[in-house]
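What follows is the residue order along each chain.
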Amino acid sequence: MTVTAALPSPRWPEDALRLNAVCPYYTMFPLDFPLQQLAAHPETTRVLDPFCGRGTTLYAARLAELPSVGIDINPVAVAIAQAKLIRVTPGAVVRLARQILGGGMQGEVPEGEFWQWCYERETLRELVTLREALLGMTTPTAAMLRAILLGILHGPRNKNLPSYLSNQMPRTYASKPAYAVKFWKKHGMEPVRVPALEVIERRAKRLLDAAPLPHGGRVYLGDSVETLNSLRQRFDLVVTSPPYYGMRTYVADQWLRSWFLGGPADVPYGTQGQIARQPNQEAFIQALAEVWAATARRCRRGARLAIRFGALPSARTDPEKLLLTSLKEAKAGWIVKEVRQAGTPPKRTRQAEQFGKAGSAVDEIDVVAELIGLPR
Ligand SMILES: C[S@@+](CC[C@H](N)C(=O)[O-])C[C@H]1O[C@@H](n2cnc3c(N)ncnc32)[C@H](O)[C@@H]1O
C-alpha cells in the first residue's frame, strides 16, 4: 500500500484558508484530502472534481496555484463553489450589499409561521431584498456576496456579535419548518434583529482579507457525465467524492439555502439528477461507472483519480466493494493503486462525522487509481 505524502500545511497561513469555510456543505470533505493529493502529484497542471460540492478541491487547487474545474447538480453547491475561484475585496462586497439594500424593498416576503419565527421582520425584509436583487446578477462580486449570504443564512445564535441572520438553527443543514417552529416555541426563542449589512461586513473582511490569488477555472451546474462530455480541457488530477450510497437528501437538507437561490419557500423532496437516486446498488454502480468513464475521456494518460467514499449506515452496503466494482465496470483504463481507510486525518475532520443525525457513520475509504490505457 502506498502512503500519500504528508500535507505541507505550514505553507499557508490560517487566514488564507478562511474563504474555504465561506459556507458549510453537508458531506463536504476536509481541505487536507485534496491538498495531500496535490502534494503527492506535483506534476499536476489542471484539476477536476466531477462532484465538487462546496468546491473544496477547487480551493486546494487555488492554493497550489493551479486551475480547476468543478461540476455539481445542486445549485447550492455551485453557488458556494463559485466563490472558491473568485477574488474580490471585502469593500466591493459591502458596497454591493449596501447599494442593494439602499435601493428599497424588493421581492415578496414568504408567509407562514416558519418565516415569522426564523427571522426578525426587518432582517427578513433585507434578506428578501438581497435574494431578489442577486437572482439576476452574475458578476464576481455578486457571486461572492451570494456565497457569503448562503453562509450566514442560518446558524447558532451567539452571545456576542451575531454571525448568522436566523433564529437558533444548525449551520450545516436547515431544520424542517414544523420541527424548527416547535423548537423555537418550546424554548421561547423569538427572533432578534440582526442587521444583514453588519454581518456581511464582518464576514467579508474575515474571509477575503487574506484570500490567495485565484488561478483560473470554472464551476458548472449540471450532471457530471453530460458536462464532462461537453468539456474540451484535459486533466491530470481528479479529486472527488460521489454522494455516499443511500444519501439522497442534498437538496432537502439545504432547503433554506435553495430558497435563497430562487427555490420554493418550503422543503423540496425531489432527488432530480442526484446520482444516488438510483433504485438499487447495481444501478448506482453503473451510474458511477459512467462518471469514471467520462472522466477518463477528459484525462491524460497517467492521470490520477483520488476518491473518498462511504455509505450511510442505513444503506447496509460495503462501500469499498461498491466503488472498486464501479471503477472496473467503467472499463476505461483506471488501475487501482491504493485503497485505505480515510483514517489519516483526525477523526473530527472526517466527512462522515457530519452524518450525525443519520446514525453512526461507517468507515470511509480513499481509493487512488491511475489511468494507464487510453479510454475507449
Ligand atoms: C459528497 S458530495 C461532494 C462534497 C465535496 N467533496 C465537498 O467538499 O463539498 C457529492 C456531491 O455530488 C453531487 N451530485 C450528485 N449527483 C450528481 C450528478 N449526477 N452530477 C453532478 N453532481 C452530482 C451532490 O449534489 C453533492 O454535492
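Residues numbered from 1 in each chain as written. Predicted model: local features only at pLDDT ≥ 70, side-chain atom pairs only at ≥ 80, totals over all residues. Heavy atoms only, no water.

Looking at an unreviewed UniProt entry, the protein chain carries the name site-specific DNA-methyltransferase (cytosine-N(4)-specific), with the source organism given as Thermomonospora cellulosilytica. The record held by UniProt for the protein chain lists under Catalytic activity (unreviewed entry) the comment "a 2'-deoxycytidine in DNA + S-adenosyl-L-methionine = an N(4)-methyl-2'-deoxycytidine in DNA + S-adenosyl-L-homocysteine + H(+)". Per UniProt, the protein chain has the following entry under Sequence similarities (unreviewed entry): "Belongs to the N(4)/N(6)-methyltransferase family. N(4) subfamily." (UniProt positions renumbered as here; feature names shortened; annotations may be inferred.)

Moving on to the overall build of the protein chain. Scanning the protein chain from terminus to terminus reveals 13 helices and seven strands. Each of the 376 residues in the protein chain was classed as buried or not, and the buried ones make up 54%. Entry remark: accessible area of the protein chain is about 16,200 Å², with carbon and sulfur atoms responsible for 51%. (Helix = DSSP H or I, 4+ residues; strand = E, 2+ residues; numbered from the N terminus. Buried < 20%, exposed > 50% of the residue type's maximum accessible area, 1.4 Å probe, protein only. Areas by Shrake-Rupley, 256 points an atom, 1.4 Å probe, with all protein chains shown as cover.)

Phi is positive for Glu 65, close to 65°, though the residue is something other than glycine. Its place among the elements puts Glu 65 in the loop between helix H2 (56–63) and strand E2 (68–72). Despite not being glycine, Lys 331 has its phi angle at roughly 45°, a positive value. Topologically, Lys 331 is positioned in the loop between helix H13 (319–329) and strand E6 (334–341). Relative accessible area serves as the criterion here: at 53%, Lys 331 is assigned to the exposed category.

So, about the nonpolar core. Nonpolar side chains in soluble globular proteins tend to end up buried together. Residues Phe 114, Leu 145, Leu 149 and Leu 256 are the most contacted members of the largest nonpolar core, which totals 74 residues. For this core, the leading source of residues is helix H7 (residues 140–152), giving nine residues. Per-domain counts for this core show at least three residues from each of domain 1 (9–82 + 215–371) and domain 2 (90–208). Excluding its chain neighbours within four sequence positions, the residues that come into contact with Leu 145 are Val 93, Leu 96, Ala 97, Ile 100, Leu 130, Leu 134 and Ile 200. Counting residues in each nonpolar core, the second largest holds 41 residues, with Val 69, Ile 71, Leu 288 and Val 367 among its members. (Core = buried A, V, L, I, M, F, W, Y, C linked by side-chain atoms within 4.5 Å. Domains from an automatic or database assignment. Contact = heavy atoms within 4.5 Å.)

Let's shift gears to the pattern of salt bridges. Pairs may arise between side chains of opposite charge once their charged atoms sit close together. Tallied over the full model, the rule gives ten salt bridges. Residues Asp 209 and Lys 205 are paired through a salt bridge, measuring 2.8 Å at the closest nitrogen-oxygen approach. Between Lys 337 and Glu 370 there is a salt bridge, with its nearest N and O atoms 3.7 Å apart. Of the two residues, Lys 337 sits in strand E6 while Glu 370 sits in strand E7 (residues 365–371), which places them 33 residues apart along the sequence. Classification of Glu 370 by relative accessible area gives buried; the value is 18%. (Salt bridge = Lys/Arg side-chain N within 4 Å of Asp/Glu carboxyl O.)

With that settled, consider H13. If you check which residues of H13 are buried, you get Pro 319, Leu 322, Leu 323, Ser 326 and Leu 327. Looking down the long axis of H13, one finds its buried residues gathered within 130° of arc, a one-sided arrangement. Exposed positions of H13 whose direction lies more than 90 degrees from the buried face are Lys 321 and Lys 328. Contact partners of the buried residues in H13: helix H12 (281–297), strand E5 (299–309), E6 and E7. (Arc of directions from axis to C-beta.)

With that settled, consider the environment of Val 22. For Val 22, the location among the structural elements is in the segment before helix H1 (32–40). Taking relative accessible area as the criterion, Val 22 reaches 1% and is therefore assigned buried. When the C-alpha positions of Val 22 and Ile 148 are compared, they lie 6.0 Å apart, and in sequence the two are 126 residues distant. Sequence-distant contacts of Val 22, that is, excluding residues within four places in its chain, are made with Ile 80, Lys 84, Ala 147, Ile 148, Gly 151, Arg 203 and Leu 207.

By convention here, two paired aromatic rings are described through the distance between centres and the angle between planes. Under the counting rule described, the total for this entry stands at twelve aromatic pairs. Measuring from centroid to centroid gives 5.0 Å for Phe 114 and Trp 255, while their planes differ by 55°, and the two rings are tilted. Of the two residues, Phe 114 is situated in helix H5 (residues 113–118) and Trp 255 in helix H11 (residues 255–260); the sequence distance between them amounts to 141 residues. A relative accessible area of 0% means that Trp 255 is categorised as buried. Taken together, the aromatic side chains of Phe 114, Trp 115, Tyr 119, Trp 184, Trp 255, Trp 259 and Phe 260 make up a single cluster linked through ring pairs. (Phe/Tyr/Trp six-rings, centres within 6.5 Å; stacked < 30°, edge-to-face > 60°.)

What follows covers the sheet that holds E5. Here seven strands make up an open sheet; going across it, the order is E3-E2-E1-E4-E5-E7-E6 and the pairing mixed. Looking along the sheet, the strands with just one partner apiece sit at the ends: strand E3 (217–221) and E6. On average, each strand axis in the sheet is inclined to that of its neighbour by 15°, with strand direction left out of account. In this sheet, E2 lies alongside strand E1 (residues 47–49) in parallel orientation, the contact comprising three bridges. Residue Asp 49 lies in a different strand from E2, and its bridge partner there is Gly 70. Lying over the sheet, helix H3 (residues 75–83) contacts E2 and E3, oriented at roughly 165° with respect to E3. (Pairing = 2+ DSSP bridges. Axes fitted to C-alpha atoms, helices over the stretch in contact; angles between N-to-C directions.)

Of the residues in the protein chain, 88% have a pLDDT of 70 or more, and the chain-wide mean is 89. Note that pLDDT drops below 50 for residues 1–8; the model gives that stretch 16 contacts with residues more than four away or on any other chain. With pLDDT under 50 throughout, residues 344–360 is counted as low confidence; its partners more than four residues away or in other chains account for 36 contacts. (pLDDT = per-residue confidence, 0-100.)

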